[in-house]
Amino acid sequence: MTINPHYQDLEQNYLFAVTAQKAAEFSAAHPDKKVIRLGIGDVTKPLCPAVIEAMHRAVDDMAWAETFYGYGPYEGYDFLREAIRGYYGRRGVPLQLSEIFVSDGAKSDIGNILDIFGEDNAVLVPDPVYPVYVDTNIMAGRRVAFSSATEANGFLPLPDPAVKADIIYLCSPNNPTGAAYSREQLKAWVDFANQNDAVILFDAAYEAFIRDDSLPHSIFEVEGARTCAIEFCSLSKTAGFTGTRCGYAVIPAELERGGSPLGAMWLRRQATKFNGTSYIVQRGAAAVFTEEGQAQVKADIDDYLENARVITTALDSMGIWYTGGKNSPYIWLKCPGGMDSWTFFDYLLEKANVVGTPGAGFGQNGEGFFRLTAFGSRKNTLEAVERLRGLL
Ligand code: MLT
């Protein structure tokens, strides 16, 4: 037998596993120090009351033969898909129910969607980038090219007609940089994809953090996207579902390649390899889209954005360059004193006992940068900022 040889081409460990390990080793060696974790983008607030109540009711449903649910539909229950359709509709994006596919999160969808594409496709991802886009393609043996995101272009690269791309990854507001594309910039990508028969995989996991009304939340707000884009979204950051797991993909009916509708291929894939998100979780997810749920999750996100403001205000006063933090929970800063990313990671951990994520872990262009998240508690964020002020 043989194993998949492409695993040899991966970095030995997943980025957030490495940083977690380093932080754990530091804590074990210094049990007296309080380490503040602003590294991985994991939420700290509990699920909101509307979600908890809906999930409690769903647990009760499962207790009686009359209301019990076994295997669910592969594409998700209609009650949740209707709720998602309503959410898009209120933003002026009409969807058909059959275009919405519920899942256990955007990370798995973004990896799994590659099943429906040929192995020889040219892949284009921004650099720096969420490591999942690159690693899942390396695992499948695909060639990956990078579009260069730099300080000069505000970490928002635009298409380069000289670079061939069949599958294009975009994430806006971006992980890791927090930068968000304007409508015009996304239109440039949509036009490029349509002209080149490419498909954009658009990661909208952070759309709920957008506070600038001029910025698009969905790629389907851009004309032409229905013939070239798949959108992935998640309730992880929107509603604190990192441990609960629920997300969805939107694949427009018009989106076909090689004569095959991609939505039908995705459903075929899901029916074969996925048995759906649990009924209880889907009931909780549907509650996020109610008026009450929306008000509650917005209050939580506003609170995280206030953490971001606390961090960016401190960086402003220290004269440290950054992007993000306005329409995003991520703050992407330039390491002070010309330090490289991993040196700054170690320095911050040792001297301030604060954990962030080294920019170099997100790609070559991330070298010299560093990511902090706004997902900590207010108390910890304030304390971390005080330690940074004392150190930098
Ligand atoms: C991150 O920190 O980039 C995210 O938490 C990772 C993820 O969503 O999988």
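Scoring rules and cut-offs
- Counting restarts for each chain, with residues numbered from 1 along the sequence as it is written.
- The predicted nature of this model means local features are confined to residues of pLDDT at least 70 and side-chain atom pairs, given and counted, to a pLDDT of 80 or more, with totals for whole chains, interfaces and linings taken over all residues.
- Side-chain metrics rest on all non-hydrogen atoms present in the structure, leaving aside hydrogens and water.
- By convention in these notes, a residue is near a molecule or strand provided one of its non-hydrogen atoms lies within 4 Å of it.
- By the criterion applied in these results, polar contacts are pairs of N or O atoms within 3.5 Å in which, for protein atoms, one can donate a hydrogen and the other can accept it, and in which residues neighboring in sequence qualify only through two side-chain atoms.
- Ten residues, namely Ala, Val, Leu, Ile, Met, Phe, Trp, Tyr, Cys and Pro, are considered nonpolar, four, namely Asp, Glu, Lys and Arg, are considered charged, and the remaining ones, Gly among them, are considered polar.
- All domain edges in this entry derive from an automatic or database-based domain assignment.
- Put simply, DSSP marks the helices as runs of H or I at least four residues long and the strands as runs of E at least two long, and each gets a number from the N terminus on.
- The span expected for a helix works out to 1.5 Å for each residue beyond the first.
- We call a residue buried when its accessible area falls under 20% of the maximum for its residue type, exposed when it is over 50%, and partly exposed in between, using a 1.4 Å probe and counting protein chains only.
- This arc is built from the directions going out from the helix axis to the C-beta atoms.
- The rule is short: rings of Phe, Tyr and Trp, with Trp giving its six-membered ring, pair when the centres are within 6.5 Å, and they are stacked under 30 degrees, edge-to-face over 60, tilted in between.
- Ring-over charges, as used throughout, are those where CZ of Arg or NZ of Lys falls within 6 Å of the ring centre and within 35 degrees of the ring normal.
- A pair is scored as a salt bridge if a Lys or Arg side-chain nitrogen falls within 4 Å of a carboxyl oxygen belonging to Asp or Glu.
- We score Asp and Glu as negative and Lys and Arg as positive, and we do not count His or the chain ends.
- The contact criterion used throughout is that any non-hydrogen atoms of two residues lie within 4.5 Å.
- One bridge is not enough; two strands pair if DSSP finds at least two bridges between them.
- Here, axes are lines fitted to C-alpha atoms. For helices the fit covers the stretch in contact, and angles between N-to-C directions go from 0 to 180 degrees.
- We call a set of buried residues a nonpolar core when its members are Ala, Val, Leu, Ile, Met, Phe, Trp, Tyr or Cys and they connect through side-chain atoms within 4.5 Å of each other.

Colleague: Would you mind going over the site of the ligand with me for this structure?
Modeller: Close contacts around the ligand come from Phe16, Ile40, Gly41, Lys107, Tyr130, Asn175, Lys237, Tyr330 and Arg371, and that covers them all. Within the backbone of Gly41, an N or O atom sits 2.6 Å from an oxygen atom of the ligand. At a separation of 2.4 Å, an oxygen atom of the ligand approaches a polar side-chain atom of Tyr130. Class assignment of the residues belonging to the shell around the ligand gives a composition of 4 nonpolar, 2 polar and 3 charged. The two domains that each donate at least three residues to the shell around the ligand are domain 1 (5-47 + 293-391) and domain 2 (49-290).

Colleague: Mind showing me how you'd approach helix 3 (residues 78-90) here?
Modeller: Since there are 3.6 residues in each turn of an α-helix, residues three or four apart along the chain are aligned in direction. Spanning 13 residues, helix 3 covers 18 Å between terminal C-alpha atoms, matching the ideal 18 Å at 1.5 Å per step. What helix 3 keeps buried is the set Leu80, Arg81, Ala83, Ile84, Tyr87 and Tyr88. All buried residues of helix 3 project into a common sector of 155° when viewed along the axis, lining one side. Where helix 3 ends, the next residue or the one after it, Gly92, has phi of about 80°, a positive value.

Colleague: I keep staring at the packing of aromatic side chains and nothing clicks. Help me out?
Modeller: Working definition: an aromatic ring pair is given by the centre-to-centre distance plus the angle between the planes. Scanning the model with the defined rule gives 25 aromatic pairs in all. The interplanar angle of 65° and the centroid separation of 5.8 Å between the aromatic rings of Tyr14 and Phe16 together place this pair among those described as edge-to-face. Using a relative accessible area of 9% as the deciding quantity, one classes Phe16 as buried. Aromatic side chains Tyr87 and Tyr88 sit 6.2 Å apart centroid to centroid with 80° between the ring planes, which places their arrangement in the edge-to-face category. Aromatic rings pair up to connect Tyr14, Phe16, Phe155, Trp321, Trp332, Phe362 and Phe369 into one cluster. In this arrangement the basic side chain of Arg283 is found over the ring face of Phe79, its NZ or CZ atom lying 3.7 Å from the centre.

Colleague: What is the right way to read the pattern of salt bridges from this model?
Modeller: If the charged atoms of two oppositely charged side chains come close together, the side chains can form a pair. Tallied over the full model, the rule gives 22 salt bridges. A salt bridge links Arg378 to Asp303, with the shortest nitrogen-to-oxygen separation between them at 3.1 Å. Of this pair, Arg378 sits in helix 12 (residues 378-391) while Asp303 sits in helix 10 (residues 291-318); the two residues are 75 residues apart in sequence, bridging distant segments of the chain. In this structure, the salt-bridge partner of Glu383 is Arg387, at a minimum N-O distance of 2.7 Å. Of this pair, Glu383 and Arg387 both sit in helix 12, separated by 4 residues, roughly a single helical turn.

Colleague: Would you explain the side chain of Glu231 in this entry?
Modeller: Following the sequence through the fold, Glu231 ends up in strand 7 (residues 229-234). Of the buried charged residues, Glu231 lacks a salt bridge, with Arg91 as the closest side chain of opposite charge at 5.8 Å. For Glu231, the side chain forms a polar contact with the side chain of Ser218, separated by 3.0 Å. A distance of 2.8 Å separates a polar side-chain atom of Glu231 from the backbone nitrogen of Ile219. Contacts of Glu231, omitting those with residues within four sequence positions, involve Tyr88, Phe202, Ala204, Ser218, Ile219, Phe220, Tyr248, Ala249 and Val250.

Colleague: Help me out: how do you make sense of the sheet that holds strand 15 (residues 369-373) in this one?
Modeller: Note: strands within a sheet are paired through backbone hydrogen bonds, in either parallel or antiparallel orientation. What the 4 strands build is an open sheet, ordered 11-12-15-14; its pairing is antiparallel. Taken across any chain shown, the strands that pair with only one partner, and hence form the sheet edges, are strand 11 (322-324) and strand 14 (357-358). Relative to strand 15, strand 14 runs antiparallel, the two being bridged by 2 bridges. Looking at strand 15, one finds that Pro358 is bridged to Phe370. On top of the sheet, helix 10 reaches strand 11, strand 12 (330-334) and strand 15; it is set at about 15° to strand 12, its chief contact. Contacts from helix 11 (residues 341-352) reach strand 12, strand 14 and strand 15 within the one sheet, and its direction differs from that of strand 15 by about 45°.

Colleague: Which parts of the structure should I look at to understand the nonpolar core?
Modeller: As a rule of thumb, nonpolar side chains are buried together in soluble globular proteins. Residues Ile168, Ile200, Ile219, Phe241 and Phe289 are the most contacted members of the largest nonpolar core, which totals 57 residues. A domain-level breakdown of this core finds at least three residues from each of domain 1 (5-47 + 293-391) and domain 2 (49-290). In contact with Ile219, other than residues within four places in its own chain, are Leu186, Val190, Ile200, Phe202, Ala225, Ala229 and Glu231. One finds Tyr130, Phe209, Ile230 and Trp266 within the second-largest nonpolar core, a separate group that totals 36 residues.

Colleague: I tried to follow the pairing of strand 2 (residues 100-103) on my own but got confused; where do I start?
Modeller: For a regular strand, side chains alternate in direction, first toward one face of the sheet and then toward the other. Of the two faces of strand 2, the one holding Ile100 and Val102 and the one holding Phe101 and Ser103 are both buried throughout. Where strand 2 lies against strand 8 (residues 247-250), 4 bridges are found, and the strand directions are antiparallel. Paired with Ser103 across the two strands is Gly247, which belongs to strand 8.

Colleague: Teacher, can you tell me more about the environment of Thr277 here?
Modeller: Residue position: Thr277 is located in the loop between helix 8 (262-273) and helix 9 (279-288). Put simply, Thr277 and His217 are 60 residues apart on the chain and 24 Å apart in space, counted from C-alpha to C-alpha. Every residue in contact with Thr277, bar those within four places of it in the chain, is listed here: Val102, Ser103, Asp104, Arg245, Cys246 and Gln282. A distance of 2.8 Å separates a polar atom in the side chain of Thr277 from the backbone oxygen of Ser103.

Colleague: I keep staring at unusual backbone geometry and nothing clicks. Help me out?
Modeller: What you tend to see is this: most non-glycine residues have negative phi, and most peptide bonds are trans. Pro128 follows Asp127 through a cis peptide bond whose omega is 5°. In this structure, Pro128 sits in the loop between strand 3 (123-127) and helix 5 (131-139). The step from Ser172 to Pro173 runs through a cis peptide bond, and the omega angle for that step is -10°. Positive phi outside glycine occurs at Phe155, with the angle close to 60°. Phi is positive for Asn353, close to 55°, though the residue is something other than glycine. For Asn353, the location among the structural elements is in the loop between helix 11 and strand 13 (354-355).

Read these as spatial facts, not as claims about activity.
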